[in-house]
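Coordinates in review
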Amino acid sequence: MIEKGNPDVRLRRLRRSETIRRLVNETDLQASRLVAPIFVRFGTNVVEPIEAMPGVHRYSVDQLGGYVNRLWEAGVRAVLLFGIPESKDELGTQAYSSDGLVPRATAEIKSRFPSMAVAADVCLCEYTSHGHCGVLKGGEVDNDKTLPLLAKAAVEYARAGADIVAPSAMMDRQVAAIRTALDDSGLPETIVMGYSAKFASSFYGPFREAAGSTPSFGDRRAYQMNGANSREAMREIEGDVGEGADVIMVKPALPYLDVIAEARSRFDLPIAAYNVSGEYSMIKAASLNGWLDERRAAMEVLTSIRRAGADIIITYFAEQAANWLKETS
Ligand code: PBG
């Protein structure tokens, strides 16, 4: 066998020109694998920049069309919706209201771009006054009281036309509750993408500014995962698979590439990875300071997530990345 170090082996031969490098390129990125998160807010005629996420905006429903059109033109074929309601309450009522922001945004997008896949995040944190992902009982998030509310939200989003519902609350058995409710409501075609291995992460910071969903007390470590635990992540994924998830997710992506790779080797379901707000903002901040080349850094990160084994990448770079991919194709 020829080993590295043998005088006959010269690996640089395969790197000499762009053409040759592309010929032997192992990991392809395609715009069709990207999902663009969208923040939908109350009001009309609003396009509002998010300070901690340069280039990302909150849109009122009537203003979504322009952005979704840009995504479509760039080649992005899927969006993930988050709602930011005018009023929040203890029970997160706006999350499962049939005329809530996510159902309205879904209907709007589907009527104008029927082939755009619409995914809807299913969680209470953007809708509760306390900012936790479920309802409270004695200062704790009550798992089983939260499940029917998540299920109701998922059914409302699916009824409005969402192709995919994506529970992110990290409640035990949330996928089962949602799958059963969808099936019982005559919505067996709706895809469930579980945020299966969602870690309690500092990298959600900018999102919480964007969605106004910072918990008013405590943190999320009693339901989101400990970042030190990879074996437990496999148990979470296994659980979601058993409960009927169609797609599993690892989130965040970059600090958990090993978890993506491990999941890839163990499971045959499609794997989504969420390149979260903090992962986006750190590249933006450094590049705005002239410390990093934004395009190269972003594409390197997205390629690494794909190389680790993700089929689907949820990223705030979706529009830019899709346009960069067009330029190089
Ligand atoms: C919960 C949810 C969060 C994100 C996606 N879904 C926030 C959280 O858990 O605090 C974070 C996404 C990001 O940081 O980009 N609804």
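Everything here concerns the structure above.
Values in this document were obtained by computation on a predicted structure and should not be read as measured data.

1. Side note on the side chain of Lys110
Relative to the assigned elements, Lys110 resides in helix α3 (residues 101-112). Among the residues examined, Lys110 registers a relative accessible area of 17% and is labelled buried.

2. Digging into unusual backbone geometry
The linkage connecting Lys251 with the following residue, Pro252, adopts the cis geometry, with an omega of -10°. Position of Pro252 among the secondary structure elements: in the loop between β10 (247-251) and α8 (257-266). Phi at Asn45 takes a positive value of approximately 60°, unusual for a residue other than glycine. Within the secondary structure, Asn45 is located in the loop between β1 (34-41) and β2 (47-49). Asn45 sits in the exposed class, given a relative accessible area of 61%. Even without being glycine, Arg173 reaches a positive phi, approximately 70°. Tracing the backbone through its elements, the reader meets Arg173 in the loop between β8 (164-167) and α5 (174-184).

3. Some points on the site of the ligand
The environment of the ligand is made up of 18 residues, and the closest members are Lys198, Arg208, Lys251, Ser277 and Tyr316. Lys198 has a polar side-chain atom sitting 2.8 Å from an oxygen atom of the ligand. Take Lys251: an N or O atom from its side chain is 3.3 Å from a nitrogen atom of the ligand. Relative to its unbound accessible surface of 400 Å², the ligand loses 100% to contact with the protein.

4. Describing the pattern of salt bridges
For the structure shown, the criterion picks out 16 salt bridges. Notably, a salt bridge pairs Arg221 with Asp219, separated by 3.0 Å at the nearest N-O pair. Linked through salt bridges whose partners overlap, the residues forming this network are Arg41, Glu48, Arg58 and Glu209.

5. Things to note about a positive patch on the surface
A cluster of like positive charges, contributed by Arg10, Arg12, Arg13 and Arg15, occupies part of the molecular surface. With respect to the element layout, Arg10 can be found in the segment before α1 (18-23). On the basis of relative accessible area, Arg10 is assigned to the exposed category, the value being 56%.

6. Notes on the environment of Gly83
Assignment of secondary structure puts Gly83 in strand β4 (residues 78-84). Sequence separation of Gly83 and Phe39 is 44 residues, and the distance between their C-alpha atoms is 6.0 Å. Among residues more than four places away in sequence, those in contact with Gly83 are Val40, Leu101, Val102, Glu126 and Tyr127.

7. Comments concerning the environment of Ala117
Topologically, Ala117 is positioned in strand β5 (residues 117-122). A sequence separation of 47 residues divides Ala117 from Ile164, and the C-alpha atoms of the two residues are 7.7 Å apart. In contact with Ala117, other than residues within four places in its own chain, are Arg77, Ala78, Val79, Lys110 and Asp163.

8. Thoughts on the packing of aromatic side chains
Each aromatic ring pair is specified by the distance between its two centres and by the angle formed by the two planes. As enumerated under the stated definition, the model contains 10 aromatic pairs in all. In this structure an aromatic cluster arises from ring pairing among Phe39, Phe82, Tyr195, Phe207, Tyr274, Tyr280, Tyr316 and Phe317. Over the face of the ring belonging to Tyr204 we find Lys251, whose NZ or CZ atom lies 4.5 Å from the ring centre.

9. Describing the nonpolar core
Within the largest apolar cluster, 116 residues are counted, with the highest numbers of intra-cluster contacts made by Ile38, Phe39, Tyr157 and Ile260. When residues of this core are assigned to their parent elements, the largest contribution, nine residues, is made by helix α4 (residues 143-159). What Ile38 contacts, discounting residues up to four positions off in sequence, is Tyr59, Leu64, Tyr67, Val68, Leu71, Val79, Leu80, Leu81 and Phe82.

10. Considering α5
When α5 is considered as a whole, its buried residues turn out to be Gln174, Val175, Ala176, Ile178, Arg179, Ala181 and Leu182. Tucked into the core, α5 has its buried residues touching β5, α4, β8, β9 (191-198) and α7 (230-242). Gly186 sits one or two positions beyond α5 and adopts a positive phi of about 70°.

11. Some details on the environment of Leu64
Take Leu64: it is sitting in helix α2 (residues 64-74). A relative accessible area of 0% means that Leu64 is categorised as buried. For the pair formed by Leu64 and Val47, sequence separation is 17 residues and the distance between their alpha carbons is 8.8 Å. For Leu64, the residues in contact, after removing those within four places along its chain, are Ile38, Val40, Tyr59, Ala105 and Ile109.

12. Brief notes about the pairing of β8
Across the two faces of β8 the burial is the same, with Ile164 and Ala166 and Val165 and Pro167 all buried. Taken together, the four bridges between β5 and β8 define a ladder with parallel strand orientation. Looking across to β8, one finds that Ala119 is bridged to Ile164. Pairing between β8 and β9: two bridges, direction parallel. In the strand pairing of β9, Val165 is matched with Val192. In this fold, β8 hands off to α5, which returns the chain to β9; that crossover is right-handed.

Cut-offs used in this document
Residues numbered from 1 in each chain as written. Predicted model: local features only at pLDDT ≥ 70, side-chain atom pairs only at ≥ 80, totals over all residues. Heavy atoms only, no water. Helix = DSSP H or I, 4+ residues; strand = E, 2+ residues; numbered from the N terminus. Buried < 20%, exposed > 50% of the residue type's maximum accessible area, 1.4 Å probe, protein only. Near = heavy atom within 4 Å. Polar contact = N/O pair within 3.5 Å; in protein donor to acceptor, adjacent residues only side chain to side chain. Areas by Shrake-Rupley, 256 points an atom, 1.4 Å probe, with all protein chains shown as cover. Salt bridge = Lys/Arg side-chain N within 4 Å of Asp/Glu carboxyl O. Patch = residues over 30% accessible without salt bridge, like charges linked within 9 Å, V, L, I, M, F, W, Y side chains within 5 Å. Lys, Arg positive; Asp, Glu negative; His and termini not counted. Charge placed at Lys NZ, Arg CZ, Asp CG, Glu CD. Contact = heavy atoms within 4.5 Å. Phe/Tyr/Trp six-rings, centres within 6.5 Å; stacked < 30°, edge-to-face > 60°. Lys NZ or Arg CZ within 6 Å of the ring centre and 35° of its normal. Core = buried A, V, L, I, M, F, W, Y, C linked by side-chain atoms within 4.5 Å. Pairing = 2+ DSSP bridges. Right-handed = clockwise from strand over helix to strand, strands pointing away.

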